[in-house]
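Below, each chain spelled out in residue letters.
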Amino acid sequence: MKPQPLSDPLVLYGHAFPSRLLLGTSRYPSPAVLQQALSVAQPAMITASLRRQTAASVDASQGFWQLLGDSGVPVLPNTAGCHTAQEVITTAQMAREVFQTDWIKLELIGDDYTLQPDTLQLVEVASTLIKQGFRVLPYCTEDLLVCRKLVDVGCQAVMPWAAPIGTGKGPINPYAMRMLRERLSVPMIVDAGLGLPSHACQVMEWGYDAVLLNTAVALATDPVTMAQAFALAVLAGRHAFIAGTMNEQEAAQPSTPVLGTPFWHQS
Amino acid sequence: MRTIHIRVNQRAHELSAGCTLEEALASLGFKPPFAVALNLHFVPRDRYADTTLKDQDQIEVISPITGG
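Residues numbered from 1 in each chain as written. Chains lettered and ligands numbered in written order. Predicted model: local features only at pLDDT ≥ 70, side-chain atom pairs only at ≥ 80, totals over all residues. Heavy atoms only, no water.

**Things to note about the nonpolar core**
For soluble globular proteins, the rule of thumb is that nonpolar side chains tend to be buried together. In this structure, A:L12, A:L129, A:L137 and A:V211 are the most contacted members of the largest nonpolar core, which totals 81 residues. The biggest single contributor to this core is helix α3 (residues 85-99) of chain A, with seven residues. Not counting residues up to four positions away in its chain, the partners in contact with A:L12 are A:F17, A:M45, A:W103, A:L137, A:A157, A:P187 and A:I189. Core analysis: the second largest hydrophobic core is formed by 17 residues, B:L15, B:A24, B:L38 and B:I59 among them. (Core = buried A, V, L, I, M, F, W, Y, C linked by side-chain atoms within 4.5 Å. Buried < 20%, exposed > 50% of the residue type's maximum accessible area, 1.4 Å probe, protein only. Helix = DSSP H or I, 4+ residues; strand = E, 2+ residues; numbered from the N terminus. Contact = heavy atoms within 4.5 Å.)

As structure tokens, this is what we get:
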């Protein structure tokens with residue numbers, strides 16, 4: 001049986017998306033594999049970036065541009081690699097012109113080893129971009145106060161990491177992530193650090209609204225099948241959240257009715 | 001003829017003084033789609049023609065690539 005999506009679209013900045021999976025486009029074995037992965041996963045958005053045009057890069061860039069257009073999936077440009085507020089703002093403005101979209105995945109890197117976002121500058125940069133008309137999806141940590149302040153300056157969604165980018169570790173701080181989900185009501189997308197479909201399913205069960213991932217699919221032995229696996233896991237987690245999970249019990253409780261058990265004698 | 005020295009995507013170039021951004025981009029053969037920053041500030045496409053370059057200007061010309 002093919003799982004059917006629930007009629008509860010992901011709503012970001014008033015825009016409804018039919019899927020709760022966002023996919024990165026990097027590190028795939030080939031453009032053809034990326035294209036197939038997008039075709040089976042049907043993501044809500046796909047991320048893209050901007051880099052210097054060189055004689056060596058221009059053909060790949062134009063091929064990717066064609067692929068983006070053919071995919072029909074909305075593009076979410078990122079500001080990957082930016083280390084200062086000015087770099088982020090300029091990159092976002094350039095992305096808006098190139099991709100013809102106000103959506104921006106705000107990445108402001110504070111540490112090159114962990115790729116941890118610079119949360120001390122993030123809020124101010126987000127505020128500037130919001131005032132310039134961008135629909136900002138900020139990549140952040142699971143810090144409650146940072147996320148709350150991002151919301152205060154106008155972010156209508158936030159994107160806390162599960163673990164550092166590309167590690168595939170899954171949620172390394174489940175307590176903080178669950179508490180964050182409880183404390184904030186805006187849409188939250190888990191961005192970065194997921195390695196397994198079960199990780200995606202778990203955060204969706206906790207009530208996160210969507211996941212954004214790249215490496216876990218792109219570096220799978222079979223990225224196309226893994227893209228489908230993540231799409232199903234996201235759907236399963238969302239169904240479970242909507243359905244409401246049972247309360248965990250300390251003691252065993254038989255699921256089969258005891259009444260009428262054959263060969264049973266009261267001692 | 002006076003010249004200016006600029007850097008485009010970190011590479012040095014010598015151009016005629018008074019050269020506009022539009023002329024520089026055309027002469028250097030960049031292919032769309034791309035966007036441009038001049039000295040770390042975005043320059044919209046409709047401003048290329050009236051942006052006159054100066055000596056030591058730093059230009060970034062960037063194009064779409066895959067990203068996460």
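On we go from here.
**Comments concerning the side chain of A:T90**
Checked against the element boundaries, A:T90 lands in helix α3. Polar side-chain contacts of A:T90 include one of 2.9 Å to the side chain of A:Q86. Apart from residues no more than four positions distant in its own chain, A:T90 is found in contact with B:A37, B:L40, B:H41 and B:F42. (Polar contact = N/O pair within 3.5 Å; in protein donor to acceptor, adjacent residues only side chain to side chain.)

**Here we look at the environment of A:A37**
Residues and elements named next belong to chain A. By secondary structure assignment, the location of A37 is in helix α1 (residues 31-41). For A37, a relative accessible area of 0% gives the class buried. Sequence separation of A37 and Q132 is 95 residues, and the distance between their C-alpha atoms is 34 Å.

**Thoughts on the interface of chain A and chain B**
Facing the 27 residues of chain A at the interface are 26 residues of chain B. Carbon and sulfur atoms make up 59% of the area that chain A and chain B hide from each other, which totals about 2,400 Å². Looking only at chain A, the three residues that lose the most surface to chain B are A:R52, A:Q53 and A:E97, adding up to 31% of its buried area. Summed over the shared surface of chain A and chain B, the result is two salt bridges. Of the charged contacts, one joins A:E97 and B:R45 as a salt bridge, the two residues approaching to 3.8 Å between their closest N and O atoms. Across the contact surface, chain A and chain B share 17 residue pairs in polar contact (both at pLDDT 80 or more). Looking at the side of chain A that touches chain B, the elements that each hand over two or more residues are β4 (45-52), α2 (58-71) and α3 of chain A. It is α3(A) that provides the largest number of residues to the side of chain A that touches chain B, a total of eight residues. (Buried area = accessible area lost by both parts, 1.4 Å probe. Salt bridge = Lys/Arg side-chain N within 4 Å of Asp/Glu carboxyl O.)

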